[in-house]
Amino acid sequence: MTKFVAMYLRVSTFDQAHNGYGLGDQEVQCRKYIDLYFPNDEVRIYKDDGYSAKNLSRPEMSRMLQDVYKGKIHTVVAFKLDRLTRSVIDTYKLIKTVMEYDCSLVAVVDRIDISSANGRMLVGILSVISQWEREVISERTVAGLEQMVRSGKYPYGGRDPFGWTRDKNVLKIVPEEADIIKDMTQKYVYEGYGIDDLRIYLEKTYGMKKKWYFIRNCLINKRNIGIFEFRGVEYDDVVPAIIDKDLYDKAVEKAMHRNVSMPHQEMYLFHGMVHCKCGKRCDHVSTVKTKNKYRHTYYYWCPKCNKRVNQDKLFNQIVIPLGLHINSNKTSEQLKKLEDDLLFFKDRRSQILDDYINANIDVTTYDLSMKKVKKMIFDIGKKIKEFDESGIRQLIYADRVTKRKLIQTHISYITYDFELGDVTNIVYKTKK
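Everything quoted here is computed from the prediction, not taken from an experiment.

Participant: Where do I start with the overall build of the chain in this structure?
Facilitator: Within the chain one finds 16 helices and 15 strands. Across the 432 residues in the chain, those meeting the buried criterion constitute 41%. The contacts in the chain between residues at least 6 apart in sequence include a share of 61% that link residues at least 24 apart. Entry remark: accessible area of the chain is about 24,800 Å², with carbon and sulfur atoms responsible for 51%.

Participant: It is not clear to me how helix α16 (residues 400-410) should be interpreted in this structure. Could you clarify?
Facilitator: Within an α-helix, residues lying three or four positions from one another point in the same direction, as the helix has 3.6 residues per turn. Inspection of α16 places K403, R404, L406, I407 and H410 among the buried residues, and these make up the whole buried set. Down the axis of α16, the smallest arc covering the buried residues is 165°, so these residues share one side. In α16, those exposed residues whose orientation departs by more than 90 degrees from the buried face are V401 and K405. Between the side-chain oxygen at the start of α16 and the backbone nitrogen of V401 there is a gap of 3.3 Å, and the oxygen is on D399.

Participant: Just to check I follow, could you spell out the packing of helix α7 (residues 175-190) against helix α10 (residues 245-255) for this structure?
Facilitator: Any two packed helices are characterised by the angle at which their axes cross and by the distance between the axes. It is at 9 Å that the axes of α7 and α10 come closest, and there the two elements cross at 60°. Judged on the interaxial angle alone, α10 and α7 are oblique. Pair α7 / α10 crosses with left-handed handedness. Taken together, the residues of α10 that come into contact with α7 (itself represented by T185, Q186, Y188, V189 and Y190) are D246, L247, K250, A251, K254 and A255. Its residues assigned to classes, the contact of α7 with α10 shows six nonpolar, two polar and three charged.

Participant: Sorry if this is basic, but what is going on with unusual backbone geometry here?
Facilitator: A positive phi angle, close to 65°, is found at N169, a residue other than glycine. Tracing the sequence through the fold places N169 in the loop between β6 (164-167) and β7 (170-173). In the Ramachandran plot, N306 falls in the positive-phi region, its phi being about 55° despite a non-glycine side chain. Here N306 lies in the loop between β12 (295-302) and β13 (307-310). A relative accessible area of 35% means that N306 is categorised as partly exposed.

Participant: Quick question: what am I supposed to make of a nonpolar patch on the surface here?
Facilitator: Residues L353, Y356, I357 and V363 make up a contiguous nonpolar surface patch of roughly 350 Å² in combined accessible area. A total of three residues in the nonpolar patch trace back to one element, the largest contributor, which is helix α13 (residues 333-357). Mapping Y356 onto the fold places it in helix α13. The exposure class assigned to Y356 is partly exposed, which follows from its relative accessible area of 35%.

Participant: Is there a simple way to explain the sheet that holds strand β10 (residues 274-276) in this structure?
Facilitator: The strands making up a sheet associate through hydrogen bonds between their backbones, and the pairing can be parallel or antiparallel. A sheet is described by the order of its strands in space; here three strands give the open sequence β10-β14-β15, paired in mixed fashion. Each having just a single partner strand, β10 and β15 (422-428) make up the two edges of the open sheet. For this sheet the average axis-to-axis angle between neighbouring strands, irrespective of direction, equals 25°. The pairing of strand β14 (residues 411-417) with β15 spans six bridges and is antiparallel. Across the sheet, the residue bridging to D417 is D422, located in β15. The sheet contacts of α16 involve β14 and β15, and relative to β14 the element is tilted by about 95°.

Thresholds, definitions, all that
- Residues numbered from 1 in each chain as written.
- Predicted model: local features only at pLDDT ≥ 70, side-chain atom pairs only at ≥ 80, totals over all residues.
- Heavy atoms only, no water.
- Helix = DSSP H or I, 4+ residues; strand = E, 2+ residues; numbered from the N terminus.
- Buried < 20%, exposed > 50% of the residue type's maximum accessible area, 1.4 Å probe, protein only.
- Contact = heavy atoms within 4.5 Å.
- Areas by Shrake-Rupley, 256 points an atom, 1.4 Å probe, with all protein chains shown as cover.
- Arc of directions from axis to C-beta.
- Polar contact = N/O pair within 3.5 Å; in protein donor to acceptor, adjacent residues only side chain to side chain.
- Axes fitted to C-alpha atoms, helices over the stretch in contact; angles between N-to-C directions.
- Parallel < 35°, antiparallel > 145°, perpendicular 65-115°, else oblique.
- Left-handed = near helix turned anticlockwise from the far one by under 90°.
- Nonpolar A, V, L, I, M, F, W, Y, C, P; charged D, E, K, R; others polar.
- Patch = residues over 30% accessible without salt bridge, like charges linked within 9 Å, V, L, I, M, F, W, Y side chains within 5 Å.
- Salt bridge = Lys/Arg side-chain N within 4 Å of Asp/Glu carboxyl O.
- Pairing = 2+ DSSP bridges.

This is the structure:
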């Protein structure tokens, strides 16, 4: 199989607006390099338009890595290192991956080629700087928002919170909406209304069609009593209160007793284990679509942040680490033998190189021997990868009951960051 050159291009909205190197500019520079060093090789382009480099979860990056795994690519060429990733950990993962599959990596502007030790060292240095730059920008943004909050201003853009409106980032009560919140809370606390009762009541009385989680958030949000939470700190001069604390406390107490019925509970693969980064445990939420057929969609919702994540998305994010975790708990003589064989042939590869350097073998013998050894290393590495993925395949193709059992057996706690849209921590259950 003839290998080809992979050209990787990426821009985010911020890059396009501020850095001035779009996809077209990147491609021109990469083409110049390829035309100089690989003029006769096939070139395939992988282009992620509008994706951040905070991790490697990008469509074209994933497709390119799959081609690396299949041994189709001999060199990955990118405009700059930060087009590939801005994470130090992901940088080293990427280097390790391409080297394992006999592939090189080049960053044109940074003048980096990982085929040399100096190139790999420079990658590490630039990657640390790139991640530092991204984190500094994030810290400055947060610091600016914190300053707004300390000045009594509402820091978020977008839609105004129900019950208030903004005047130059200062919240003011909307009397009509505040009356609805008071009305809902009183009926919930004193007249025995449930969430679904309030949903019907709002539609009939005020013409408002609202989901149950919107109603619940209106009842228990601390903004109602004049408390605004930002990054774990409570401020009492950002939002004017709508209801008194006694009524609010009673609403919260009643809301905390809401439980999911056992039959419905079984549909949630991650029942009781999903927590928001803010520290709150996520509630269960579901929607029903009946356009084509009756179908539930399941979510995990943070009542504090008023954000939710689809269960299918959450599963897709944990399937690889959980699959590898399940597989790592298995003992296998087959895997041990493969790993021993891999070490043997890697040592053999070094020995062949030493023999050639010391003139113990001629160039023909060197080429034939090295070709055979590299093929053995590639084939064994492929088998190990397939073995490692057996736990992943077990999860992907399992039915819902089996998936839930495996998740509940191995995982005790998941942290989800709604700002990043990603799982940031998985705590596994320890063996008894």
